[in-house]
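# A look at the structure
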Amino acid sequence: MQADDTLPEPDSLSAEHSARVAAHLHARIEEAGGSLSFAEFMQESLYAPGLGYYAAGATKFGEAGDFVTAPEVSSLFGRVLARQCAEVLARVPGGGVLELGAGSGRLAVDVLGSLAALDALPDEYLILEVSPELAARQADAIEAALPEMRARVRWLDSLPEAHRGVVIANEVLDALPVERFVRRENVRQIRVAARDRQFRFVESDAPGILEDAVFAIEDDLCRALARGFTSEVSLGAAPWMTDVLASLQQGVAFLFDYGLPRREYYAPDRDDGWLRCHFRHRAHNDPLILPGIQDITAWVDFTAVAEAAVESGADVAGFVTQSTFLVNAGLGAELEAEDDAALVRQIALSGEVKMLTLPGAMGEAFKCLALSKGFDAPLSAFLHADRTHTL
Ligand SMILES: C[S@@+](CC[C@H](N)C(=O)[O-])C[C@H]1O[C@@H](n2cnc3c(N)ncnc32)[C@H](O)[C@@H]1O
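These remarks concern the structure in this document. In this text the structure is predicted, and so the values were computed from the model without any measurement. (Residues numbered from 1 in each chain as written. Predicted model: local features only at pLDDT ≥ 70, side-chain atom pairs only at ≥ 80, totals over all residues. Heavy atoms only, no water.)

Inspection of the region around the ligand gives 18 residues, with Tyr47, Thr69, Gly101, Glu129 and Asn170 positioned closest. The backbone of glycine 101 places a nitrogen or oxygen atom 2.7 Å from a nitrogen atom of the ligand. The contact in question runs from an oxygen atom of the ligand to an N or O atom on the side chain of asparagine 170, over 2.6 Å. Of the residues belonging to the shell around the ligand, the class tally is eleven nonpolar, five polar and two charged. (Near = heavy atom within 4 Å. Polar contact = N/O pair within 3.5 Å; in protein donor to acceptor, adjacent residues only side chain to side chain. Nonpolar A, V, L, I, M, F, W, Y, C, P; charged D, E, K, R; others polar.)

Following this line, the structure appears as structure tokens:
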């Protein structure tokens, strides 16, 4: 795997931080006897307390950071999502919203503001965030934009025992650590070792749990993966989904992410996997560089997520592209509300709509998977062009 050789140089503070994270990773590799599984390496790089990309002070989001997410592109994303949440909340009296992995807090601000405008404000907006640094940022963002609503927002340390209403997770599944494997005669695990203080990939026998996961994929595809085929599998996604759905007693979970149905995820020509790293708005696929100061993600196998959901007693309420979600759920109405806005605002909105919906931007790669429990009313976002059959 090659990083883009036009990646910018980190500034000196970031470089110093990265050196500390690298030292931590080298120590972990040594402690583990010479190598870490890729999932362990990703976990430490992103979440090691006080060091990892999400656990330390990197800007991450927006222009000054490394990547933009849909809520960072435009408030339209949260405004339309709020309309969909309002539909659910209208049928789950007393229900609330639970947002997982709330990033900068931007989505929470947009959803809360729009729910208030729609007269559908829940009593509580719960946030479960693994990064204490981001949780503090989220509180500041809500306090600054919606001080009157700050009291409704509560941060949790773990999933609530029983939640009713809506669950939202935008770009959280792609941030869960994945295992990497290569199919040879057997399934081999790709691990991370070090030589001359540089990280490098090495292969070893796959543990049973990884081997079983790859065999299950092959069973489902009705073919063996080609020799040399390299990809990822998220062993954490199914238990995460099961836990989230055990918490959801009644309502709908909306999961947005870049991802695909399994058949496309493991298509024969996609033989180097789906890792995507972000540094200063450059996307590349080398997770071994810039430790602690670049984001490491993997596209999502939505079939695996849907399977876990169904196994834990939930229903798939719909699976659409982000573009379809937004158009079906009220993008037009949100734009109409801006009809009288100044020309400069109209021009900005038009750029935002393109970014959110065009196939070459975020419109097609990003999908929304909706999972429901005790809720069978139709949802606007999935009334047209539902792709559940592709999962
Ligand atoms: C790529 S960011 C997306 C942030 C935000 N949702 C947005 O769209 O801008 C991933 C977020 O998920 C959080 N996260 C990662 N693993 C998580 C987990 N297991 N539970 C809850 N949040 C998690 C990260 O700390 C971060 O806030």
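Attention now goes to the sheet that holds strand 13 (residues 295-298). With antiparallel pairing, the three strands of this open sheet are ordered in space as 12-11-13. Each edge of the open sheet carries a strand with a single partner, namely strand 12 (282-284) and strand 13. Across this sheet, the average inter-strand angle for adjacent strands is 25°, counted without regard to direction. One ladder, built from three bridges, connects strand 11 (residues 275-279) with strand 12; its direction is antiparallel. Looking across to strand 12, one finds that cysteine 277 is bridged to histidine 284. Together, strand 11 and strand 13 form the strand contacts of helix 2 (residues 38-47), whose direction differs from that of strand 13 by roughly 140°. (Pairing = 2+ DSSP bridges. Helix = DSSP H or I, 4+ residues; strand = E, 2+ residues; numbered from the N terminus. Axes fitted to C-alpha atoms, helices over the stretch in contact; angles between N-to-C directions. Contact = heavy atoms within 4.5 Å.)

So, on to the packing of aromatic side chains. Counting across every chain of the model gives 16 aromatic pairs. Between tyrosine 47 and tyrosine 54 the ring centres are 5.7 Å apart and the planes differ by 20°, which places this aromatic pair in the stacked class. Across the pair, tyrosine 54 and tyrosine 47 agree in class, each one buried. What links up through ring pairs into an aromatic cluster is the set Tyr258, Tyr265, Tyr266, Trp274, Trp299 and Phe366. (Phe/Tyr/Trp six-rings, centres within 6.5 Å; stacked < 30°, edge-to-face > 60°. Buried < 20%, exposed > 50% of the residue type's maximum accessible area, 1.4 Å probe, protein only.)

Buried residues dominate strand 6 (residues 179-183), accounting for five of its five residues. Relative to strand 9 (residues 230-233), strand 6 runs antiparallel, the two sharing four bridges. Of the residues in strand 9, the one forming a bridge with arginine 180 is glutamate 232. Summarising the sheet, strand 6 and strand 7 (residues 187-195) pair through four bridges and their orientation is antiparallel. Pairing of valine 182 across the sheet is with arginine 188, part of strand 7. What sits between strand 6 and strand 7 in their antiparallel hairpin is a turn of three residues.

A pair of packed helices is characterised by two quantities: the angle between their axes and the separation of those axes. Look at helix 8 (residues 237-247) against helix 10 (residues 302-311): their axes get within 9 Å of each other, and the N-to-C directions meet at 40°. The orientation of helix 8 relative to helix 10 falls into the category oblique. For the pair helix 8 and helix 10, the sense of crossing is right-handed. Residues Ala238, Met241, Thr242 and Leu245 of helix 8 pack against Val305, Ala308 and Ala309 of helix 10. Looking at the contact of helix 8 with helix 10 residue by residue, the class counts come to six nonpolar, one polar and no charged. (Parallel < 35°, antiparallel > 145°, perpendicular 65-115°, else oblique. Left-handed = near helix turned anticlockwise from the far one by under 90°.)

The subject of this paragraph is the nonpolar core. Among the nonpolar cores identified, the biggest contains 67 residues, and Leu81, Phe254 and Phe325 are the most heavily contacted of them. The element best represented in this core is helix 4 (residues 75-91), accounting for nine residues. Not counting chain neighbours up to four residues away, the residues in contact with leucine 81 comprise Leu107, Val111, Ile168, Phe254, Phe256 and Phe325. Counting 28 residues, the second-largest nonpolar core is a separate cluster that includes Leu128, Leu156, Val167 and Val172. (Core = buried A, V, L, I, M, F, W, Y, C linked by side-chain atoms within 4.5 Å.)

Attention now goes to the packing of helix 4 against helix 11 (residues 322-329). For the pair helix 4 and helix 11, interaxial distance at closest approach is 9 Å and the crossing angle is 65°. The interaxial crossing formed by helix 4 with helix 11 has left-handed handedness. Only Gln322, Phe325, Leu326 and Ala329 of helix 11 make contact with helix 4, whose side of the interface consists of Phe77, Val80, Leu81, Arg83 and Gln84. Looking at the contact of helix 4 with helix 11 residue by residue, the classes come out as six nonpolar, two polar and one charged.

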